[in-house]
Amino acid sequence: MLDTSSHPVITPSPSTTPSSSAGVPSRPVPTATGAIRTLGKNPATAPIVLHPGDAIPASRRVLYIVLLGALTALGPFTIDLYLPAFPVLEADFQTTAAAIQLTLTGTMIGFALGQLIVGPLSDKVGRRLPLLSVTALHVAASIFAAFAPTLGTLSIARVLMGAGAAAGGVVAAAIIRDLFGGRRLVVMLSRMAMVSGVAPVLAPLAGSALLLVMNWRGIFVVLAVYGAVMLVSAIIFIPETLPAARRGGPGATTVWQRYGSVFRDRVFIGVLVIGAMAFSGLFSYLSASSFLFQVTYGFNPQQYGVLFAVNSVGVVVGVQVASRLAARFGPQWVLAVSTAVLVLAGGAIVLTDQLGLGLWGTVIPLFFFMTACGFTFPCAQVLALDRHGKAAGTAQSIIGAANFGVAGIISPLVGLLATGSGITATTMASVMVGCAVIGVIALWTLVRPRTVERLAP
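Residues numbered from 1 in each chain as written. Predicted model: local features only at pLDDT ≥ 70, side-chain atom pairs only at ≥ 80, totals over all residues. Heavy atoms only, no water.

**Student:** Lay out unusual backbone geometry in plain terms, naming residues and giving numbers.
**Tutor:** The backbone of glutamine 94 sits at a positive phi, close to 50 degrees, despite the residue not being glycine. The class of glutamine 94 is exposed, set by a relative accessible area of 72%. Non-glycine residue arginine 448 carries a positive phi angle of around 55 degrees. Counting through the fold element by element, arginine 448 comes out in the segment after α16 (425–447). (Buried < 20%, exposed > 50% of the residue type's maximum accessible area, 1.4 Å probe, protein only. Helix = DSSP H or I, 4+ residues; strand = E, 2+ residues; numbered from the N terminus.)

**Student:** Which residues make up the nonpolar core, and what are the values?
**Tutor:** Formed by 135 residues in total, the largest nonpolar core has its most connected members in Leu68, Leu154, Phe220, Phe283, Tyr285 and Phe293. It is helix α10 (residues 266–296) that provides the largest number of residues to this core, a total of 17 residues. Residues within four places of phenylalanine 283 in sequence aside, it is in contact with Ile79, Leu104, Met108, Phe404, Ala407 and Ser411. (Core = buried A, V, L, I, M, F, W, Y, C linked by side-chain atoms within 4.5 Å. Contact = heavy atoms within 4.5 Å.)

**Student:** Any chance you could break down the pattern of salt bridges for me, citing the residues and the numbers?
**Tutor:** As enumerated under the stated definition, the model contains 2 salt bridges in all. Two residues, arginine 127 and aspartate 123, come together in a salt bridge whose shortest N-O distance is 2.9 Å. For aspartate 123, a relative accessible area of 4% gives the class buried. Linking arginine 127 and aspartate 178 is a salt bridge whose minimum nitrogen-to-oxygen distance equals 2.8 Å. Pair noted here: arginine 127 is in the loop between α3 (97–125) and α4 (128–146) and aspartate 178 is in helix α5 (residues 151–179), with a separation of 51 residues, a long-range link. Aspartate 178 matches arginine 127 in its accessibility class, with the two residues each being buried. One salt-bridge network, in which partners are shared between bridges, spans Asp123, Arg127 and Asp178. (Salt bridge = Lys/Arg side-chain N within 4 Å of Asp/Glu carboxyl O.)

**Student:** Quick one: what's the story with a nonpolar patch on the surface, residue by residue and with numbers?
**Tutor:** On the surface, Ile109, Leu113, Leu116, Ile117, Leu121, Val125 and Leu129 cluster together into a nonpolar patch covering about 600 Å² of accessible area. In terms of residues, the nonpolar patch owes the most to one element, α3, which gives 6 residues. Within the secondary structure, isoleucine 109 is located in helix α3. Classification of isoleucine 109 by relative accessible area gives partly exposed; the value is 38%. (Patch = residues over 30% accessible without salt bridge, like charges linked within 9 Å, V, L, I, M, F, W, Y side chains within 5 Å. Areas by Shrake-Rupley, 256 points an atom, 1.4 Å probe, with all protein chains shown as cover.)

**Student:** Which residues make up the side chain of glutamine 115, and what values do they have?
**Tutor:** Here glutamine 115 shows up in helix α3. Not counting chain neighbours up to four residues away, the residues in contact with glutamine 115 comprise Pro120, Ala166, Val170, Gln396, Ser397, Gly400, Ala401 and Phe404.

On their own, these measurements won't tell you what the molecule is for.
Structure (structure tokens):
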């Protein structure tokens with residue numbers, strides 16, 4: 001089992017390290033600070049290990065990236081897999097598009113509440129127990145949704161599904177922060193995001209394909225099976241990365257103290273607003289796109305799935321490129337560019353729609369908007385978590401709750417703006433632009449890129 005002590009392994013000097021007999025490995029000798037002073041047979045040539053994860057073999061890192069990425073992807077799959085079925089749900093329940101959009105809002109509210117509970121709890125009792133418990137809730141809620149007799153029952157099930165999927169994202173990010181820091185944290189988060197980023201690409205395609213062989217209820221059975229596989233995998237392969245000795249300490253002994261330490265950080269508040277606004281812009285697109293492209297532009301579910309997947313590729317590409325740029329220039333400067341692109345791309349959608357340029361006038365700037373979201377999300381996350389390693393679970397829970405909670409409130413505005421006239425590219429993009437502008441203001445008034453220190457190695 002990996003030793004996840006919070007203290008680094010440092011290279012000792014010969015005068016301070018007891019010698020070992022020939023052929024006999026030396027034992028770790030705690031120092032006054034608690035750091036381990038030896039590693040392997042020859043402490044004098046031992047590598048410097050600043051974070052526990054630096055000592056993990058490459059094969060084990062790959063395993064963690066895949067599993068934690070797949071756990072994080074449970075959230076996007078829970079949201080995106082049933083998007084192609086929105087018009088079918090509207091017909092089956094004989095209701096309005098706005099009412100169906102509220103099931104998505106309920107999912108995001110569940111995400112927000114779940115992360116607010118799971119994050120601080122994982123800082124207090126460890127990572128495994130909350131992860132396993134809440135993932136089991138997701139499995140049960142998915143089965144509940146599959147047999148929902150009414151739209152109201154389905155909405156309740158979706159809230160529980162959102163709460164159940166919350167553990168994957170918040171605990172996975174906290175586990176990565178337990179093990180890594182500095183620039184290595186950027187790399188590991190981006191690689192995990194590459195795995196989880198496959199979800200927005202595959203989910204609508206899979207959802208469209210599933211609708212060819214089953215009704216919308218079958219989609220929730222598939223989600224229950226996915227959650228069950230993740231639950232078993234976590235039980236077998238994911239260790240506890242937060243030892244009892246690190247579950248507390250001065251200034252972080254209670255939930256309220258951890259919240260206080262995070263909310264007193266001006267930069268954290270700034271990236272919290274930026275992330276929430278980018279996420280709200282993205283979810284304004286998610287909630288409107290099924291109706292916009294299938295009803296307004298006449299796409300069938302399979303064509304919609306392909307278009308959605310292509311746009312999601314932009315997010316994946318943005319995440320991967322952002323990790324390299326953030327390590328070189330600093331995440332705050334990547335945000336300076338990406339938030340500006342969000343405003344320009346959203347504004348371009350409104351302009352081209354008003355000029356009557358049709359489908360291509362919408363999808364081209366929309367792709368750039370999605371790509372800018374991919375640049376924005378990991379950089380905001382790194383700036384938040386790197387500054388709050390001792391309260392990583394709490395910090396990540398606040399990020400997730402803000403993202404999903406604010407998006408759950410803002411994204412239905414698209415439906416409200418479209419009342420009586422139907423959803424158009426302009427109504428969708430107007431909300432996206434408003435969110436992006438708030439993000440730009442938060443960057444330059446709260447984060448203030450010039451005042452942010454460079455990431456440690």
